[in-house]
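Results of the structural survey
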Amino acid sequence: MQDNGVIGGPERPDEASHPTVDAAPSLERRILSGDRSAEEALVVRFGRPVFALILARIGDVEAARDLTQEALLCVIRQLRQGCLEKPDRLEAYVRGTGRNLANNHLRTQARRRSAQPPDVSRVLPGPDVELEIRERLEQVGRALQELPSSDRQILLGTLLDGQRPGEIASRLGMKPEAIRQRKSRALRKIRAAVRRVSRNAAASHTVAEGDL
Amino acid sequence: MDCVRAQRDELLESYVLNRLSEYERDELEAHYFACEACLERVEALLLAREGLARQSEALEAVEDRRARPTGWLWLAAAALVLAAVGGGLWWRAREASGALAEIARVEPPTYAPVRLRDPVDEASARFREAMEHYSRGSYESAVPGLEEASRLDSQSPRIQFFLGASYLLSDEVEAAIASFARAVALGESPYLEEARFLLAKAHLKRGDLASARAELEETLRLEGELEDEARRLLEEVRALE
């Protein structure tokens, strides 16, 4: 059993009040019984939120991509061996694994840069996580280029400079409420770009119906 | 934590900017692990931040290009002018029909292939084969397969949309209009906004400014990704009317 402070984690607030979307207990038992499709389903279910969690904490897309795959593979290996300490707590377990990997990365960043990242791309079951991340970045990149200049300035100020609407409003000569509205509109377009990739990905993961 | 609270008071932005306490951060993460809508919002913020950071230099180049209103098409036109003068040809001043042709120009809609192991039905199989032609830019070659897919599944907005796009890019304008109209009639879908926008382009191609204007106004009502582009195009259509 891997023991580098990666696995799971102590319970966090409100974990019991968030029902999981999937039938998580059956997913754990299926993986324990050797069901490879359940492992793919786990990657589909948790790939995006784990990537978001890790990226939010470490701010490095390439490292977050690698750590996401490492986290998922780690969870799968533990589930194969039946090492989940608390049954029916799969979501918290996955979150804790991602969180610990991110925190380890931040603590040992220098050592990680020189170390070879684990090659998980050939062994992680299910969809190509790296490809989906790259597609999302491409779509978002296109959406950003299509934004009006002022909207892009607002997002730059918000997300890169950490400025509040009032500060951006002063800089651009607009009212704070106008800044909020334009930011909301710009982010709506970014979400639409992300959604299209997600829907294509979802269509490839499940039996297609309706749209196809 | 619930969606209302997560989406209120710029909490998601604070999360992305690492302004939350450890407790708040864990609470929010527990929420979006189970909430697709909030996960999507978090992803959009994270990816937008990454995209802006990567593109900061490239965006400056885009800003300069927009200020001069040049794109690769104008650069190509400028090169053509130089070559024409050098070759003894003359460039005629742009006429109204030339202006209409310019705004009716269409960029091929993006197609992201769906990675299915095996096609789930015949319509999907025909669609996937046809889109291989589309992805290579062979829009005319894509049409027969997409027509077959449409016959097998007339309720798929995606099939109707790409059939319309293939027709339009093959200059079969009337057929394009019919396909886009069917895509729109199928109601809410990821293709609705772009179908309306391209329907406007199709109307422009045949010189029907009134119908193009009506479709652009409908596109604006959707307040989606193409809102700004539709607004710019609508202004140009009104200028021509």
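Looking now at the pattern of salt bridges. The tally for this structure, following the rule as stated, stands at 38 salt bridges over all chains. The partner of Arg57(A) in a salt bridge is Glu29(B), with the nearest N and O atoms 2.9 Å apart. Taken as a pair, Arg57(A) in helix α2 (residues 36-58) and Glu29(B) in helix α3 (residues 22-32) lie in two separate chains rather than in one. Taking the relative accessible area as the measure of exposure, Arg57(A) reaches 5% and is therefore buried. The class of Glu29(B) is buried, set by a relative accessible area of 0%. The network of salt bridges with shared partners includes Arg57(A), Arg99(A), Glu22(B), Arg25(B), Asp26(B) and Glu29(B).

Formed by 66 residues in total, the largest nonpolar core has its most connected members in Leu42(A), Leu90(A), Tyr15(B) and Tyr32(B). Setting aside residues up to four positions removed in sequence, Tyr15(B) forms contacts with Ala52(A), Leu53(A), Ala56(A), Leu20(B), Arg25(B), Leu28(B), Glu29(B), Tyr32(B) and Val42(B). Of all hydrophobic cores here, the second largest spans 46 residues; its members include Phe127(B), Phe180(B), Tyr191(B) and Leu220(B).

A word on the confidence of the model for chain B. In the predicted model, chain B carries a mean pLDDT of 81, and the fraction of residues at 70 or more is 78%. Reported for the predicted complex are a pTM of 0.55 and an ipTM of 0.80.

Before going further, it helps to examine unusual backbone geometry. Glycine aside, residues mostly have negative phi angles, and peptide bonds mostly take the trans form. All names here are of chain B. In this model, Asn18 sits at a positive phi of 60 degrees, which is unusual for a non-glycine residue. As for its position among the elements, Asn18 is in the loop between α2 (11-16) and α3. Not every positive phi belongs to a glycine, and Asp171 is a case in point at roughly 65 degrees. The exposure class assigned to Asp171 is exposed, which follows from its relative accessible area of 55%.

Moving on to the packing of helix α11 (residues 192-205) of chain B against helix α12 (residues 209-221) of chain B. All names here are of chain B. Axis separation between α11 and α12 bottoms out at 8 Å; the angle between their running directions is 165 degrees. In terms of orientation, α11 lies roughly antiparallel with respect to α12. Along this stretch, α11 crosses α12, giving a crossing that reads as left-handed. The segment α11 lies against α12, with Glu193, Arg196, Phe197, Leu199, Ala200, His203 and Leu204 engaging Leu209, Ser211, Ala212, Glu215, Leu216, Glu218 and Thr219. For the contact of α11 with α12, the class distribution of residues is seven nonpolar, three polar and four charged.

Basis of the calculations
Residues numbered from 1 in each chain as written. Chains lettered and ligands numbered in written order. Predicted model: local features only at pLDDT ≥ 70, side-chain atom pairs only at ≥ 80, totals over all residues. Heavy atoms only, no water. Salt bridge = Lys/Arg side-chain N within 4 Å of Asp/Glu carboxyl O. Helix = DSSP H or I, 4+ residues; strand = E, 2+ residues; numbered from the N terminus. Buried < 20%, exposed > 50% of the residue type's maximum accessible area, 1.4 Å probe, protein only. Core = buried A, V, L, I, M, F, W, Y, C linked by side-chain atoms within 4.5 Å. Contact = heavy atoms within 4.5 Å. pLDDT = per-residue confidence, 0-100. Axes fitted to C-alpha atoms, helices over the stretch in contact; angles between N-to-C directions. Parallel < 35°, antiparallel > 145°, perpendicular 65-115°, else oblique. Left-handed = near helix turned anticlockwise from the far one by under 90°. Nonpolar A, V, L, I, M, F, W, Y, C, P; charged D, E, K, R; others polar.

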